[in-house]
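Next come the chains, spelled out residue by residue.
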Amino acid sequence: MSQLVYERMRDALEQLNMPRALEQVDALLDRAGSSELTTVELLDQLLGAELSARRERSITMRLKLAGLPGIKTIEQFDFAFQPSLDEAKIRDLHTLRFLAKGHNVIFLGPPGCGKTHLSISLGHSAITAGEMVHFTTARDLFVKLHSSDGLHFRRLTANRAKLLIIDEIGYEPLDHEAARNFFRLICDRYERGSIVLTSNKRFSEWGELIGDDTLAGAILDRLLHHATTFAINGPSYRLKEKRRAGILGDADRKGGEPN
Ligand SMILES: Nc1ncnc2c1ncn2[C@@H]1O[C@H](COP(=O)(O)OP(=O)(O)O)[C@@H](O)[C@H]1O
Ligand SMILES: [Mg+2]
């Protein structure tokens, strides 16, 4: 290959924004030159390297945009610690069939039982599979929905995400405005985009939480129409870790956790 063609080829890779291919092309040409690779194999490896770099970049970008509070994966989850949880069902969720169908997932249970961990891990699986995810605590969500660009947030962020994770519904009661905004959001996403939601409250307590039995009924009706609910009634993993570290004695075993 003449110097000119070689330079034009490198220049093209640069202009086409293919940095990984540019990085690897010399080594691949060397291997092709010594007949270690055929021309097709060279092209295959060059393009494959660029494609996997693109996949990595887009996962990194979607992870950033998702706003997950850290990375938690299903591999890190100790199912033996939470026997009330159906492991097969959780693993089935990670195939993301529910996402393809726009179905919802609800994790209910006391503090520390793994609700946020399981939600984040679903978000992580979805991002790895190339989907847009948005994570928010309920508290942040209602602040954003109430703000002057609440509608903008609903349209551009909350509704555009393939998966919306709403963490910790139930720690604070909703005022009328928050309840109405929540209802609108649930209607927007109904049968269109999946929601993963966590709560420390049982559904029977949502009327009180939302301050309006009719509205709570309408929200739950849509949310639960296509949903898998996990009511986890197990111990707190946080307390287990504290106990192991000797911070709590056995006397605290039955005590509640302040969260
Ligand atoms: N079964 C589990 N296996 C491994 N880590 C767990 C498990 N359950 C909870 N954790 C960890 O314990 C902490 C509290 O869990 P979290 O999901 O925040 O609980 P919740 O949201 O139900 O209050 C997190 O650091 C989480 O990763
Ligand atoms: Mg939590």
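Residues numbered from 1 in each chain as written. Chains lettered and ligands numbered in written order. Predicted model: local features only at pLDDT ≥ 70, side-chain atom pairs only at ≥ 80, totals over all residues. Heavy atoms only, no water.

## Brief notes about the pairing of strand E4 (residues 194-199)
Turning to step 1, where the next piece is worked out: With 6 of its 6 residues buried, E4 lies for the most part within the structure.
Turning to step 2, where the next piece is worked out: Both faces of E4 are covered, namely the face carrying Ser-194, Val-196 and Thr-198 and the face carrying Ile-195, Leu-197 and Ser-199.
Turning to step 3, where the next piece is worked out: Direction of pairing for strand E1 (residues 104-108) relative to E4: parallel, over a ladder of 4 bridges. Looking across to E4, one finds that Val-105 is bridged to Val-196.
Turning to step 4, where the next piece is worked out: In the sheet, strand E3 (residues 163-169) pairs with E4 via 5 bridges, with the strands oriented parallel. Bridge pairing in E4 places Leu-164 opposite Ile-195.
Turning to step 5, where the next piece is worked out: Where the polypeptide runs from E3 across helix H9 (residues 176-189) and back to E4, its parallel neighbour, the crossover connection is right-handed. (Buried < 20%, exposed > 50% of the residue type's maximum accessible area, 1.4 Å probe, protein only. Helix = DSSP H or I, 4+ residues; strand = E, 2+ residues; numbered from the N terminus. Pairing = 2+ DSSP bridges. Right-handed = clockwise from strand over helix to strand, strands pointing away.)

## Some thoughts on the sheet that holds E1
Turning to step 1, where the next piece is worked out: Taken in spatial order, the 5 strands make up an open sheet running E2-E3-E4-E1-E5, and their pairing is parallel. Two strands in the sheet have a free side with no partner beyond their single neighbour: strand E2 (133-137) and strand E5 (227-231). Neighbouring strand axes in the sheet, compared pairwise and without regard to direction, differ in orientation by 10° on average.
Turning to step 2, where the next piece is worked out: Packed on one face of the sheet, helix H7 (residues 138-146) meets E2 and E3 and runs near 100° to E2. (Axes fitted to C-alpha atoms, helices over the stretch in contact; angles between N-to-C directions. Contact = heavy atoms within 4.5 Å.)

## Concerning the site of ligand 1
Turning to step 1, where the next piece is worked out: In the vicinity of ligand 1 there are 14 residues, among which Asp-78, Gly-112, Lys-115, Thr-116 and His-117 approach most closely.
Turning to step 2, where the next piece is worked out: One nitrogen or oxygen atom from the main chain of Cys-113 is found 3.2 Å from an oxygen atom belonging to ligand 1.
Turning to step 3, where the next piece is worked out: Between ligand 1 and Lys-115, the relevant distance is 2.8 Å, taken from an oxygen atom to a side-chain nitrogen or oxygen of the residue.
Turning to step 4, where the next piece is worked out: Computed on the free molecule, ligand 1 has an accessible area of 560 Å², of which 88% lies beneath the protein chains in the complex.
Turning to step 5, where the next piece is worked out: Mapped by element, the contributors of at least two residues to the shell around ligand 1 are helix H6 (115-128) and helix H12 (237-244).
Turning to step 6, where the next piece is worked out: If you tally residues by element for the shell around ligand 1, the top one is H6, at 3 residues.
Turning to step 7, where the next piece is worked out: Here the shell around ligand 1 is composed, by residue class, of 5 nonpolar, 5 polar and 4 charged. (Near = heavy atom within 4 Å. Polar contact = N/O pair within 3.5 Å; in protein donor to acceptor, adjacent residues only side chain to side chain. Areas by Shrake-Rupley, 256 points an atom, 1.4 Å probe, with all protein chains shown as cover. Nonpolar A, V, L, I, M, F, W, Y, C, P; charged D, E, K, R; others polar.)

## Side note on the pattern of salt bridges
Turning to step 1, where the next piece is worked out: Enumeration according to the criterion identifies 9 salt bridges in this entry.
Turning to step 2, where the next piece is worked out: Of the charged contacts, one joins Arg-54 and Glu-50 as a salt bridge, the two residues approaching to 3.7 Å between their closest N and O atoms. Here Arg-54 pairs with Glu-50, and both are found in helix H3 (residues 39-66), just 4 residues apart, close to one helical turn.
Turning to step 3, where the next piece is worked out: We classify Arg-54 as partly exposed; its relative accessible area is 38%. (Salt bridge = Lys/Arg side-chain N within 4 Å of Asp/Glu carboxyl O.)

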